[in-house]
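Listed below, chain by chain, are the residues.
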Amino acid sequence: MINFEDLTIKRLHEGYKKDEFTCTEVIKQTFARIKKLEPQIKAFITLTEKQALEKAQEVDKRINSGKELRALEGVPYSAKDVFCTKGVQSTGGSGILEGFIPPYNATAIRKVEEVGAILIGKNNCDPFGFGSSTENSYYQVTRNPWNTEYVPGGSSGGSAAAVSANMGIFSLGEDTGGSIRQPACFCSVSGLKVTYGLVSRFGVMSYGSSLDTIGAFAGTVEDLSVVLNVIAGKDEDDATTSEQPRINYLLNLKENLPKLKIGLPKEYFTEDVDPEIIKAVKKAASDLTKQGHTVSEVSLPYTKYAIAAYYLSGISEVSANLARYDGIRFGYSDQSGQDINSVYLNSRGKRFEDEAKRRIMVGTYALSSGYYDAYYQKAQQVRTLLKQDFERKFQEYDLLIAPVSPVLPFKVGENMDDPLKMWLVDAFTVTINPSGIPSLAIPCGFSDSNLPIGMQIIGPMNSEKLLLQLANQYQSITDWHLRKPRIK
Ligand code: GLN
């Protein structure tokens, strides 16, 4: 039996090299585990067992013929269902795309497959990334592996729950305002939101195109570095990707880390934040001072405007991006009416979830000619102020550390009848995306009730190397990331 709980990319590759197990065995046992756990967790909308086993046989052939292992050779992974996967249903978590089978792969999917990764399935998520608990999905509610009465966070809750329950080694996710970091935090795994433009968005269903970023979840920062090495970089198919010198994030992890100046923004440590979270994050900061870093309080005065600026910007873009789902071109089509207009109205009316409709309506309103200046334009001005807030701090400080979420994971159903309360849960993650900067969420403790707590390490544009290095140092002196849920 393979011990899935300690399985990392490195450990898996050692096993392949020493002939401890074959890739086919790994994939078979991965699906046996999924079949055992999935009825309680519900992290997947679609499983791809047949294709995965076929690929595993190809990988075994390569290994047996003595070929060098590629970066993600034989590594089982999953992807949030907003990624287009060739020949595999891709719903975005929404009913309107039920049955949609893309004819091509998203760039990030293509890149990981080119170096040998094996897709095991598509993860449940809030429709198009709209939500913070994965409860808005058309298909099912994913449960938190640490306590199945609780939500896994969102919108990429299926990805975080799958990695946390060791169903696959990593998962590709999308973060527009926290959808990688917050579920990573709720499920006690590591999750990276990259600098805008570092990873191609091609083939990923758009939420807010100026905010969307593609990243990953994994059990360790080391595994995240391997995945980032593969997916980062300029892409001809996405004009917003930036030309950056290639960095080997994995090799850099082992480099000597300089002594850093770290800021703790006081707006993230107020009395509205759960005291257990404040305690855990401050403890983590003090652990880092023992490594020679200095930590001091700083202020980001515009933080309080972030929720309003983020949601206005994001949902304005939603209203445009969701226009393409018309019941004609992709997925579900309701043909019960008499004319083309009723196809549009019935398909969209029946299959967009309430949260998608809410965002289309509010976004359309914010962009309408009479209100554009008051809402959308104002939001863009505030966005600049938020960005400047960070830029000023990064002139003095190398990195910032803050809680990922002001609240602990909450119970399934607890926030569902209060959409505004659900939006406020994102107070500490939506601040980042409007500025384009990267942030890495890692586990840093547990509450008395054994619910995960996470912190985020935030840095200036293109500082992924430093974020990963510091997080790796933290993971080498602590063991929060090694604790595993006991799923009953
Ligand atoms: N929870 C946030 C929202 O609903 C973030 C979503 C995301 O990053 N995709 O908008």
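Since we're looking at a predicted model, the values are computed, not measured. (Residues numbered from 1 in each chain as written. Predicted model: local features only at pLDDT ≥ 70, side-chain atom pairs only at ≥ 80, totals over all residues. Heavy atoms only, no water.)

### Details of the sheet that holds strand 6 (residues 213–218)
On the basis of which strands lie adjacent, the open sheet formed by 11 strands has the order 1-3-2-4-6-5-10-11-9-7-8 and mixed pairing. The two strands at the open ends of the sheet, each matched to only one other strand, are strand 1 (44–47) and strand 8 (294–298). If you compare each strand with its neighbour and ignore which way they point, the axes differ by 30 degrees on average. As paired elements, strand 7 (residues 261–265) and strand 8 share 5 bridges and run parallel to each other. Within the sheet, the bridge partner assigned to K261 lies in strand 8 and is T294. Helix-sheet contacts for helix 3 (residues 49–64) involve strand 1 and strand 3 (118–123), and the interaxial angle to strand 3 is about 160 degrees. Strands in contact with helix 9 (residues 275–289) are strand 7, strand 8, strand 9 (399–403), strand 10 (439–446) and strand 11 (452–458); relative to strand 11, the strand with the most contacts, it is inclined by about 50 degrees. (Pairing = 2+ DSSP bridges. Helix = DSSP H or I, 4+ residues; strand = E, 2+ residues; numbered from the N terminus. Axes fitted to C-alpha atoms, helices over the stretch in contact; angles between N-to-C directions. Contact = heavy atoms within 4.5 Å.)

### Concerning the UniProt feature "active site" (unreviewed entry) in the chain
The positions UniProt marks with the feature "active site" (unreviewed entry) are K80, S155 and S179. In summary, the annotated positions, though distributed over 100 residues, converge in three dimensions, the widest C-alpha pair being only 10.4 Å. Of the annotated set, the members that line the largest cavity are S179. Residue position: K80 is located in strand 2 (residues 76–80). Owing to a relative accessible area of 0%, K80 belongs among the buried residues under this scheme. When residues no more than four places from it in sequence are discounted, the contact partners of K80 are K122, N123, C125, G129, S155, S156, S159, S171, L172, G173, E174 and S179. Along the chain, S179 falls in the loop between strand 4 (170–175) and helix 6 (181–187). (UniProt positions renumbered as here; feature names shortened; annotations may be inferred. 1 Å grid on protein atoms, 1.4 Å probe; cavity = no way out; pocket = protein on both sides within 12 Å on 5 of 7 lines; lining within 4 Å. Buried < 20%, exposed > 50% of the residue type's maximum accessible area, 1.4 Å probe, protein only.)

### Digging into unusual backbone geometry
A cis geometry characterises the amide bond from G154 onward to S155, with omega recorded as 10 degrees. By the secondary structure assignment, S155 is in the loop between strand 3 and helix 5 (157–164). Phi is positive for T134, which is not a glycine, with a value near 65 degrees. By the secondary structure assignment, T134 is in the loop between strand 3 and helix 5. Look at N462: it is not a glycine, yet its phi comes out positive at around 60 degrees. For N462, the position within the fold is in the loop between strand 11 and helix 15 (464–477).

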